[in-house]
Amino acid sequence: MSAANIPASHGGGAPAVNSSPGIPGLDVDPFAIEFFEDPFPTHEALREAGPVVHLDKWNVYAVARYAEVYAVLNDPLTFCSSRGVGLSDFAKEKPWRPQSIILEADPPAHTRNRAVLSKVLSPAVMKQLRDGFAAAAEAKVDALLVRGSFDAVADLAEAYPMSVFPDAMGLKQEGRDHLLPYAGLVFNAFGPPNELRQSAIERSAPHQAYVAEQCQRENLAPGGFGACIHDRADAGDITAAEAPLLVRSLLSAGIDTTVNGIGAAIYCLARFPEEFSRLRRDPSLARNAFEEAVRFESPVQTFFRTTTREVEIGGCRIGEGEKVLMFLGAANRDPRRWSDPDRYDITRKTSGHVGFGGGVHMCVGQLVARLEGEVMLAALARKVAGIEITGPIKRRYNNTLRGLESLPVTFTPA
Amino acid sequence: MPIITFIRPDSRAERIEAESGESAMLAATKHGLDGIVAECGGNAMCATCHVYVDDQWIGRLAAMGDEEDALLDGTASQRQPNSRLSCQIKITPELDGLVLRLPERQI
């Protein structure tokens, strides 16, 4: 694949680029279909080209090594989010939807809003959800064993989160089929103005209308995450006008991410039967097997930041107001940080991976994701003897999310 | 370098050299200590680096923040008065000899 050829020259009629001396310019498009099919050679090329690279096609800087991704994630005042975490710079361009007050905000405003969601999705809350989520996972696996052969994306990776998360949110039954298209839209919209982004936004109106409506207090059942966010407005932590926007954050990022996380784990266990055998021998490894799948596949591949000042990183200078793309997936397989990074190892010490991001913006729903992933893999470990891929897999294309469209499998019962 | 002693639930002890400025969690995970999971990597978001601080030392640590306090309500093993998250214990030369006990479970 030509995208892996580096470094590219700046010639050939390309628009003028403002890459600083010492920062290699690469002719790589990480938002192209060919890249999505197999990003790993390009990830390696990006890491090897230097600590900071310039992507000439989109005129942005990028970091793909673990150390630099970690550094950017952990300096939110220099590498800000309030100018958007996609390619679009909110200082120059109107956001496609009202700006998020958590994802697209910086400290100190971010800190207050973040504390509200942390409270709503705390470890103590997860303890209360655990039994119900586990029972739903067992029931799902039992039903799939009866069918034997099915699509592990639609019937498992999508069906399971859809059976627990909307209820945990407190959403009404009707209209839930808007949730996955809305999330797909949100994650496509972080990308550049390519066909994926443009067509998603063109089709977005009904999904946006549904989500805006469900964020209102009267549409959220008492006791759910959504109602709990509105309760924080009563307590004075946030304003009544801010509560629906925080509910929107959970509806944006709470479902497609776990779909792709669980999908990644099933795909790993199907491809690496030796690891599935280890999991069956010791189902207590389920949680780490999920975590390792998040490192290995990195369902959320990329996020941008914008520099608020001239900054030196990895010995390279980047000016103020520049977009910097973080390759989370490449950092999660950086051999400088991980031994045998291309191996899926369910006993790996995964602490420190950036599949959930890192620093103050690290995924606020990570505990929900881990709970769903753990109980599903534990149910598989106890009930399923083998996972066999029985047909051609199909990849799903999204500017930010990595996952499959279709994964035909057969389960054999334990 | 300051030495931290981690004591497992079965009383086996492990002495780990920590660097000043890093967290007790990071010192433990860098040395591959089982019993500190640290799922969130030190961002005070997961409560899986729970430790019980030895009585002699509890008063010598910097006070905990509200965030840590709230997270400790969700630990897998019972919270005790001497419970802390090891990612929030910053190692200084004065903490040389710190003794931390590991809980039965982190998850």
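Residues numbered from 1 in each chain as written. Chains lettered and ligands numbered in written order. Predicted model: local features only at pLDDT ≥ 70, side-chain atom pairs only at ≥ 80, totals over all residues. Heavy atoms only, no water.

1. What to know about the overall build of chain B
Part 1: Summing up its helical and strand segments, chain B has three helices and five strands in all.
Part 2: For chain B, the α and β elements follow one another from N to C terminus as β-β-α-β-α-α-β-β.
Part 3: On C-alpha atoms alone, chain B measures out to a radius of gyration of 12 Å, which is about the 13 Å that the 2.2 N^0.38 rule sets for 107 residues.
Part 4: Dimensions of chain B, computed from the C-alpha atoms along their principal axes, are close to 30 × 30 × 25 Å. (Helix = DSSP H or I, 4+ residues; strand = E, 2+ residues; numbered from the N terminus. Rg over C-alpha atoms; globule rule 2.2 N^0.38 Å.)

2. Some points on the nonpolar core
Part 1: With 111 residues, the main nonpolar core has A:Phe225, A:Ile229, A:Leu250, A:Leu279, A:Leu377, A:Leu380 and A:Phe411 as its most contacted residues.
Part 2: When sequence neighbours within four positions are dropped, the list of residues in contact with A:Leu279 reads A:Leu269, A:Leu285, A:Ala286, A:Ala289, A:Ile346, A:Leu377 and A:Ala381.
Part 3: Grouped together as the second largest cluster of nonpolar side chains are 30 residues, B:Ile7, B:Ile36, B:Ile89 and B:Ile91 included. (Core = buried A, V, L, I, M, F, W, Y, C linked by side-chain atoms within 4.5 Å. Buried < 20%, exposed > 50% of the residue type's maximum accessible area, 1.4 Å probe, protein only. Contact = heavy atoms within 4.5 Å.)

3. What to know about the sheet that holds strand β2 (residues 13-17) of chain B
All names here are of chain B.
Part 1: Spatially, the five strands line up as an open sheet ordered β2-β1-β5-β3-β4, and their pairing is mixed. With one partner strand each, in any of the chains shown, β2 and β4 (83-85) form the two edges of the open sheet. Ignoring strand direction, the axes of neighbouring strands in this sheet form an average angle of 35 degrees.
Part 2: Alignment of strand β3 (residues 50-53) against strand β5 (residues 99-101), held across two bridges, turns out to be antiparallel. What sits directly across from Tyr52, in β5, is Arg101. (Pairing = 2+ DSSP bridges. Axes fitted to C-alpha atoms, helices over the stretch in contact; angles between N-to-C directions.)

4. Re the interface of chain A and chain B
Part 1: The interface of chain A with chain B comprises 18 residues on the first partner and 17 residues on the second.
Part 2: A combined buried area of about 1300 Å² lies between chain A and chain B, and 54% of that area is made up of carbon and sulfur atoms.
Part 3: Among the residues of chain A in contact with chain B, A:Pro123, A:Lys349 and A:Ser351 are the three that bury the most area, contributing 35% of the side total.
Part 4: Counting the contacts that link chain A with chain B gives three salt bridges. (Buried area = accessible area lost by both parts, 1.4 Å probe. Salt bridge = Lys/Arg side-chain N within 4 Å of Asp/Glu carboxyl O.)

5. Details of the sheet that holds strand β10 (residues 384-389) of chain A
Hydrogen bonds between backbone atoms are what pair the strands of a sheet, whose relative direction is either parallel or antiparallel.
All names here are of chain A.
Part 1: Ordered by their spatial adjacency, three strands build an open sheet running β5-β13-β10, and the pairing between neighbours is antiparallel. In the strand order of this sheet, the two ends are held by β5 (149-151) and β10, each with one partner. Between one strand axis and the next, the sheet turns through 30 degrees on average, direction left out of account.
Part 2: The sheet contact formed by β5 and strand β13 (residues 408-413) spans three bridges and is antiparallel. Within β13, the residue paired with Ser149 across the bridge is Thr410.
Part 3: Where helix α5 (residues 123-147) meets the sheet, its contacts fall on β5, β10 and β13, and the angle it forms with β13 comes to roughly 100 degrees.

6. A short note on the side chain of A:Arg295
Residue and element names in this part refer to chain A.
Part 1: Secondary-structure assignment places Arg295 in helix α14 (residues 286-297).
Part 2: The class for Arg295 is buried, based on a relative accessible area of 0%.
Part 3: Beyond its immediate stretch of four places on either side in the chain, Arg295 contacts Asn332, Arg333, Trp338, Pro341, Arg343, Arg348 and His353.

7. Points about the environment of A:Leu73
All names here are of chain A.
Part 1: Looking at the element boundaries, Leu73 is found in helix α3 (residues 66-73).
Part 2: A relative accessible area of 4% places Leu73 in the buried class.
Part 3: Here the alpha-carbon distance between Leu73 and His361, two residues 288 residues apart in the chain, equals 7.9 Å.
Part 4: With residues near it in sequence (within four places) discarded, Leu73 still touches Arg305, Met326, Leu328, Val354, Gly357, Gly358 and Gly359.

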